[in-house]
Structures are given as structure tokens and as C-alpha cells.
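Summary of structural features
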Amino acid sequence: MHAHDDPSAPADAHTPARPDGTPAGGGGTARDWWEARYAERDGIWSGRVNAVLADVVAGLPSGGGRALDLGCGEGGDVVWLAEQGWTVTGVDLSQTAVDRADRAARSAGVAGRTRFVAADLATWSPAPDERFDLVTASFLQSWPVGIPRDAILHRATTAVAPGGHLLVTAHAAPPHRDVPEEMRSHRFPTPEQDLAALRLDDGWDVMVAEGRPRSATGPDGERHETVDSVVLVRRRSTEVDA
């Protein structure tokens, strides 16, 4: 759906609308909107791993494990995780995005460690016995056609294995200056709001909950400063795990 780090195409950073603010595909469901968005050109994201995810994974035990990427887009994060030794499932609303992600994994030689699912995260959940060492949601934000994001994030906690981590990275401000006026008044989540959406019980530790500044490139090619919300939590391996 909505991912990944600064695209090489002129339109940076996750703005799912034309410059005049009109939806690429008109009205309809979120799936319709995103299918139309992906149909606009052959690739809309850079294919590079999100910097926050790469930073977090560098601090985890080496050798990988099982990972789940919610809103995987065209698969940049999934492919990178697989290259680091993880076995990864990517889920996205758009069949077009999932098809491109699968091709990217095959091209990178990691298809054997990846699986892609086209599904609506508003209703999709992994199998009851399927748990992941890392669940990640990078820029899982849809505008102007919304998704039940808080509910999706809360449900994501159930997919984390004991001892595993959940990483939520979001735009906490407009991703660049050249955005539609309507988007400037959009409510971007704060780290505190995303943490609250998870509705964690005492079986979790909060590792990070902060705004993280970064530089981004706008459609005009100029660099500017923005800020991301970063929330990283860890499910305790036992009730007494500290």
C-alpha cells in the first residue's frame, strides 16, 4: 500500500495523490484508489529499504527470523530483509503492488524466502499459529482514501512472537513542501498516538517512541527537512522477562 523510502522518481515520499490533490482513480474503495495509483506508472517507490527499518534490524540478533511487512508496496523492505537472511511475508491491498514485489524478489534471487499476499489489512490476519519475530509497518498511511489504521496496528500486535518486535514508522508531518493544501491539514500521527493505538498490555516493553527528523526530496528535486514517528516495541518472551 503505502511505502517506502525516497523514490528515485521525482515525486518523493509517499504522497498518494496528484499534485492538484485529486485521487488518481477518482472515488471508490481504498483498493480501487491504490490500484489506480499503481497503474499510473511502472514503479512508484524507490525499491530501497526504509532507513528506520535498516537501523532497527542492525540492532537485532543476526541471522534473521520470520518477518511480516504490512503495506509492503512494491516490496523494497521485504526484499532487503530477505537479503539479510529473514523469511518474509509481505501483505498489501494492491494486487499490482504485490505482483511487482514478487518480481523484485525473483530478480534479487530471494523468492525462496519471500511470500506476498494481496489482502485488505482491515480484515486480514495471519493464521492463528503463525507468529513473527519482526512485524513492520512503514508509512502505512492512505490519503485521501482512508483505512482503519489504528485497528490494523492493534491487530498487528497479535502477530508478534514472544521476544519479537513490532516497528511502526509513519509520517508525523507532510512528507515534503509540495503537497496539496488539503493534506496540510491532515492529522498526522504522533509517536504517542501510534503507541496508544497498539493498546499494549504489561507483556510489552517500549523500546522507542520518538519523532525522528530526516531529509527528503520533493517533486521539485530540492532537499528539505521532515519528521517521522518511530515506535518500536518488544513482546516479552515470558511474563517475567525484563
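Residues numbered from 1 in each chain as written. Predicted model: local features only at pLDDT ≥ 70, side-chain atom pairs only at ≥ 80, totals over all residues. Heavy atoms only, no water.

With six of seven residues buried, strand E4 (residues 132–138) lies mostly within the body of the structure. Pairing of strand E1 (residues 66–70) with E4, which is carried by three bridges, proceeds in the parallel orientation. From the neighbouring strand, Ala-67 faces E4, where its bridge partner is Leu-134. By the bridge criterion, six bridges tie E4 to strand E5 (residues 160–171) in an arrangement that is parallel. Residue pairing in the sheet places Ser-138 in a bridge with Thr-169 of E5. (Buried < 20%, exposed > 50% of the residue type's maximum accessible area, 1.4 Å probe, protein only. Helix = DSSP H or I, 4+ residues; strand = E, 2+ residues; numbered from the N terminus. Pairing = 2+ DSSP bridges.)

The N-to-C vectors of helix H5 (residues 149–156) and helix H7 (residues 191–198) enclose an angle of 60°; their axes lie 7 Å apart at closest approach. Considering their axes alone, H5 and H7 lie oblique with respect to each other. Facing Arg-149, Asp-150, Leu-153 and His-154 of H5, the residues of H7 in contact are Asp-194, Ala-197 and Leu-198. By residue class, the composition of the contact of H5 with H7 is three nonpolar, one polar and three charged. (Axes fitted to C-alpha atoms, helices over the stretch in contact; angles between N-to-C directions. Parallel < 35°, antiparallel > 145°, perpendicular 65-115°, else oblique. Contact = heavy atoms within 4.5 Å. Nonpolar A, V, L, I, M, F, W, Y, C, P; charged D, E, K, R; others polar.)

What follows is about the environment of Gly-28. Mapped onto the secondary structure, Gly-28 falls in the segment before helix H1 (30–39). For the pair Gly-28 and Val-145, spaced 117 residues apart in sequence, the C-alpha to C-alpha distance is 8.5 Å.

Of all hydrophobic cores here, the largest spans 31 residues; its most connected members are Leu-68, Leu-70, Trp-124, Val-135 and Leu-166. When residues of this core are traced back to their parent elements, those giving at least two are H1, E1, E4, H5, E5, H7 and strand E7 (223–235). When residues of this core are assigned to their parent elements, the largest contribution, four residues, is made by H1. Beyond its immediate sequence surroundings of up to four residues, Leu-68 is in contact with Thr-89, Val-91, Trp-124, Phe-132, Leu-134, Val-135, Thr-136 and Ala-159. Within the second largest apolar cluster, 25 residues are counted, among which are Ala-67, Val-79, Trp-80 and Leu-167. (Core = buried A, V, L, I, M, F, W, Y, C linked by side-chain atoms within 4.5 Å.)

Take the pattern of salt bridges next. Within the structure shown, the criterion is met by 11 salt bridges. Of the charged contacts in the structure, one is a salt bridge between Asp-102 and Arg-106, with a shortest N-O distance of 2.9 Å. Here Asp-102 pairs with Arg-106, and both are found in helix H4 (residues 95–108), just four residues apart, close to one helical turn. Overall, the relative accessible area of 25% leaves Asp-102 in the partly exposed class. The salt bridge partner of Asp-205 is Arg-234, with a shortest N-O separation of 3.7 Å. (Salt bridge = Lys/Arg side-chain N within 4 Å of Asp/Glu carboxyl O.)

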